[in-house]
Amino acid sequence: MRIDFTKMHGLGNDFVVLDARNPAQALPAMDAALASALANRRTGIGCDQLILLEPSELGDFRMRIFNADGSEVEACGNATRAVGLLHGAPARIETLGGLLSATPSDTGIAVEMGQPRFDWDAIPLAYAMDTHTMPLAWEDLTNPVGVNVGNPHAIFFVPDPYAVDMERLGPLIETDPVFPERINVNVAAVTARDAITLRVWERGVGLTLACGTGACATAVGAMKRGLVDRKVTVTLPGGALVIEWREDDGIVMTGPATESFRGSFDPADYGFAAGSPD
Ligand SMILES: N[C@@H](CCC[C@H](N)C(=O)O)C(=O)O
């Protein structure tokens, strides 16, 4: 029994999207082993995140997010825009990080990401500290902002994000015990009151071409520090997102999403039995 998938991306951050709402699809129960097998770029379909759409009683549908290492996580900004594009109309999307809304428009897909949380235990951190300027350092990367925008982020403001050895420092910071649920690592340069350049080492993935929640976290971190205005363009290796932090509505992220192709796979090829259709 073959399972259909849609390959999508947001600024090069790519996804395999599976739709478990279709009763004709005998999807195996999703777990870390299957998610990482499908995400594997050498032996699987290949992606940064595996996205599973399920029925929801709270929203139009539920989106489950698995990193390439198989870990299930709370939020993914780029995938939220991607499934918003698939839905083709304004959508309320249930995630582990909260209920989000995605609205396709002429300028891309706009997603209301909710309010950021800066409390140390909301990020979470291993012990109490000031998250505005965390008293932490890894070589030249010092005093990050800590914020949770559905998922956890540390943001380092640096002169040149492309001069930072992220391949070496990213995994060190991601797995430091000060972050009990690991962390997404952002290195950013503020280039104008409305412009930021950003690279992200994603928890459970590594360096990606873009990270939507990273752009949101970095923008609000820079706003908190008074470095930028309330609406900024964040430029990542894969392209740009516009991030606005509204007093009442919270963070609004706007940017493109793209469907790349559709295909199918046989779970047996990955050592998994198909589930039983409802
Ligand atoms: N690519 C994403 C973030 C995906 C989840 C992240 N790696 C985590 O573990 O929290 C985005 O666009 O936000």
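What you see is a predicted model, and the numbers here were worked out from it, not measured in a lab.

1. Considerations on the UniProt feature "active site" (unreviewed entry) in the protein chain
- Feature annotation in UniProt assigns "active site" (unreviewed entry) to the following positions: C76 and C211. Across 136 residues of sequence, these annotated residues stay compact in space, with a maximum C-alpha separation of 7.7 Å.
- Inspection of the secondary structure assignment puts C76 in the loop between β5 (72–73) and α2 (77–87).
- Ignoring sequence-local partners within four residues, the contact set of C76 consists of Q49, I65, G212 and T213.
- Topologically, C211 is positioned in the loop between β15 (206–207) and α4 (212–224).

2. Brief notes about the site of the ligand
- Residues in close proximity to the ligand total 18 residues, the closest being N78, N151, R203, G212 and T213.
- Of the residues contributing to the shell around the ligand, the split by class is four nonpolar, eleven polar and three charged.
- Counting residues domain by domain, the shell around the ligand receives three or more from each of domain 1 (3–103 + 258–270) and domain 2 (114–255).

3. Considering the nonpolar core
- Among the nonpolar cores identified, the biggest contains 76 residues, and V16, V17, I51, A215, C216 and A219 are the most heavily contacted of them.
- Of the residues forming this core, the biggest block, six residues, is contributed by α4.
- Counting residues domain by domain, this core receives three or more from each of domain 1 (3–103 + 258–270) and domain 2 (114–255).
- The residues contacting I51, other than those within four sequence positions of it, are F15, V16, V17, M63, I65, A79 and V83.

4. Thoughts on the domain arrangement of the protein chain
- Taken domain by domain, the protein chain consists of domain 1 (3–103 + 258–270) and domain 2 (114–255).
- Computed from C-alpha atoms alone, the centre-to-centre distance between domain 1 and domain 2 is 24 Å.
- With 21 residues of domain 1 in contact, the opposing surface of domain 2 contributes 20 residues.
- Only α2 and β7 (98–105) provide two or more residues apiece to the side of domain 1 that touches domain 2.
- For the side of domain 1 that touches domain 2, the element with the most residues is α2, which contributes four residues.
- Split into classes, the residues belonging to the side of domain 1 that touches domain 2 amount to six nonpolar, eleven polar and four charged.

5. Here's the deal with the confidence of the model for the protein chain
- The pLDDT averaged across the protein chain works out to 96; a share of 99% of its residues lies at or above 70.
- Model confidence for the complex: the whole-complex pTM is 0.97, and ipTM, which rates the interface, is 0.99.

6. A short note on α2
- Most of α2 is tucked away, with eight of its eleven residues classed as buried.
- Looking only at α2, the buried set comprises G77, N78, A79, T80, R81, A82, V83 and G84.
- A positive backbone phi angle near 80° is found at G88, which sits one or two residues after α2.

7. Structural notes on unusual backbone geometry
- Between I123 and the following residue, P124, the backbone shows a cis peptide bond with an omega angle of -10°.
- Following the sequence through the fold, P124 ends up in the loop between β8 (108–114) and β9 (137–138).
- The backbone phi angle of N143 is positive, close to 45°, even though this residue is not glycine.
- Mapped onto the fold, N143 is located in the loop between β10 (141–142) and β11 (145–148).
- For N143, a count of 13 C-beta atoms within 10 Å gives the class partly exposed.

Cut-off values and rules
- Residues numbered from 1 in each chain as written.
- Predicted model: local features only at pLDDT ≥ 70, side-chain atom pairs only at ≥ 80, totals over all residues.
- UniProt positions renumbered as here; feature names shortened; annotations may be inferred.
- Helix = DSSP H or I, 4+ residues; strand = E, 2+ residues; numbered from the N terminus.
- Contact = placed C-beta atoms within 7 Å.
- Near = placed C-beta within 6 Å.
- Nonpolar A, V, L, I, M, F, W, Y, C, P; charged D, E, K, R; others polar.
- Domains from an automatic or database assignment.
- Core = buried A, V, L, I, M, F, W, Y, C linked by C-beta atoms within 7 Å.
- Buried ≥ 20, exposed ≤ 12 C-beta atoms within 10 Å, placed from the backbone.
- pLDDT = per-residue confidence, 0-100.

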